[in-house]
Amino acid sequence: YEDYFDRLNLFCQRVTGYRPELFPFVEECVQDVFHTAIKKYNKLADHPDVEGWLFRSCINHMNNMLKTYYGRKKRHAYSMDGDSVAELYDPNDSFRLLEEDEAYREVLERIYALLLDCEKEIFDQYFLQGHDLDHISKKTGKSPSSVKSTIYRIRKRLKKSLYKDLIILLLIGASFLCMNK
C-alpha cells in the first residue's frame, strides 16, 4: 500500500485529466484496487508482476467508474434553451397540488372499481402505505403466500387494464410521499 498508493493515485488522476470533480472517484478507485488485492492475496503473492496487476486493475476500475459517471451526467444534464425547458416545480403552487390530488383520487377510484373487496385492503396497505408482506398478513389474517399471490393478481389485473394510469398513480404517490417526509 505504501509503495504504490501515491503512484496509483497520480496515475488515476492523469486518466481523469486532473479534473477536481473526479478526485473522489480517483480515491475510491485506488481503495477498491487495494481492497481487491487483499481479497486475492493468495493469487497475487505468486503473481510475477504485482505492480502491473495493480495498474491494470486501476485502469479497469477507472474505466468502469468513468463510464458510469459520464452516463449519469448525460441523463442529468439540462438545457436552458427557450421553450424546450420543462416548467420548474413550485412547492407553494396550491392549484397544482389540487390538480394532482384530484388526478390521484380519480385514478384510485378507477383502480378500486377493478379490484375485489378483499383485494382493496391489501392494495392500500402494500402499494399506498408501503407495508411489507408480514405486516399485511398479520393485519388481514391471511398467510404471507396468500398476500403475495393477491398482490401478484392485483398487479396483473392493473397492468392489463390501467398500465398508463398505474404509472401516473405511482408517480403522484411517490411525489406525495416525498413532500410529506
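Residues numbered from 1 in each chain as written. Predicted model: local features only at pLDDT ≥ 70, side-chain atom pairs only at ≥ 80, totals over all residues. Heavy atoms only, no water.

Visitor: Hey, could you go over the overall build of the protein for me, with residue numbers and the actual values?
Guide: The secondary structure content of the protein amounts to eight helices and zero strands. When the helices and strands of the protein are listed from N to C terminus, the series reads α-α-α-α-α-α-α-α. Buried residues in the protein amount to 27% of all 181 residues. Considering only contacts within the protein whose residues lie at least 6 apart along the sequence, 60% involve residues at least 24 apart. Counting only carbon and sulfur atoms, one obtains 54% of the accessible surface of the protein, whose full area is about 13,200 Å². (Helix = DSSP H or I, 4+ residues; strand = E, 2+ residues; numbered from the N terminus. Buried < 20%, exposed > 50% of the residue type's maximum accessible area, 1.4 Å probe, protein only. Contact = heavy atoms within 4.5 Å. Areas by Shrake-Rupley, 256 points an atom, 1.4 Å probe, with all protein chains shown as cover.)

Visitor: A description of the confidence of the model for the protein should follow, citing residues and the corresponding values.
Guide: Detailed reading of predicted coordinates is not advised where the pLDDT is low. The share of residues in the protein with pLDDT of 70 or more is 75%, and the mean pLDDT across the chain is 79. Here helix 8 (residues 144-180) stands out as the least confident element of the protein, with mean pLDDT 73; helix 7 (residues 133-140) is the most confident, with 90. (pLDDT = per-residue confidence, 0-100.)

Visitor: Break down the packing of helix 1 (residues 5-15) against helix 2 (residues 23-39) for me, citing the residues and quoting the values.
Guide: Put simply, helix 1 and helix 2 touch, their axes get as near as 9 Å, and they point 135 degrees apart. Judged by the angle between their axes, helix 1 and helix 2 are oblique. Remark: the crossing between helix 1 and helix 2 carries right-handed chirality. Residues Phe5, Leu8, Asn9, Cys12 and Gln13 of helix 1 lie in contact with helix 2, whose contacting residues are Phe23, Val26, Cys29, Val30, Gln31 and Phe34. The residue inventory of the contact of helix 1 with helix 2, partitioned by class, reads eight nonpolar, three polar and no charged. (Axes fitted to C-alpha atoms, helices over the stretch in contact; angles between N-to-C directions. Parallel < 35°, antiparallel > 145°, perpendicular 65-115°, else oblique. Left-handed = near helix turned anticlockwise from the far one by under 90°. Nonpolar A, V, L, I, M, F, W, Y, C, P; charged D, E, K, R; others polar.)

Visitor: Please provide a residue-by-residue account of the nonpolar core, values included.
Guide: By size, the foremost hydrophobic cluster in this structure holds 20 residues, and its most contacted members are Leu8, Cys12, Cys29, Val30, Leu54, Cys58 and Met62. If you list the elements that add at least two residues to this core, you get helix 1, helix 2 and helix 4 (50-76). With eight residues, the single largest contributor to this core is helix 4. Other than its neighbours up to four places away in sequence, Val30 contacts Phe5, Leu8, Asn9, Cys12 and Cys58. If you look at the next biggest cluster of nonpolar residues, it comprises twelve residues, including Tyr104, Leu115, Ile151 and Leu158. (Core = buried A, V, L, I, M, F, W, Y, C linked by side-chain atoms within 4.5 Å.)

Visitor: Before we move on, can you summarise the packing of aromatic side chains with the specific residues and values?
Guide: Following the criterion strictly, the structure yields six aromatic pairs and no others. Ring centres 5.2 Å apart and planes at 80 degrees place the aromatic pair Phe11 and Phe55 in the edge-to-face group. Residue Phe11 is located in helix 1, and its partner Phe55 is located in helix 4; the two are separated by 44 residues in the primary sequence. Like Phe55, Phe11 is buried. Put simply, the rings of Tyr112, Phe123, Tyr126 and Phe127 pair up and form one aromatic cluster. (Phe/Tyr/Trp six-rings, centres within 6.5 Å; stacked < 30°, edge-to-face > 60°.)

Visitor: Lay out helix 1 in plain terms, naming residues and giving numbers.
Guide: Those residues of helix 1 lying buried are Phe5, Leu8, Asn9, Phe11, Cys12 and Gln13. Of the residues one or two after helix 1, Gly17 is the one with positive phi, at around 75 degrees.

Visitor: Mind laying out the pattern of salt bridges, listing which residues take part and the relevant values?
Guide: The tally for this structure, following the rule as stated, stands at four salt bridges. The closest approach of N and O atoms between Arg7 and Glu51, which form a salt bridge, is 2.2 Å. With Arg7 in helix 1 and Glu51 in helix 4, the pair connects residues that are 44 residues apart, well separated along the chain. The closest approach of N and O atoms between Arg157 and Glu119, which form a salt bridge, is 2.4 Å. A residue pair is termed long-range when its members are at least 10 positions apart, and Arg157 in helix 8 and Glu119 in helix 6 (residues 117-128) qualify at 38 residues. (Salt bridge = Lys/Arg side-chain N within 4 Å of Asp/Glu carboxyl O.)

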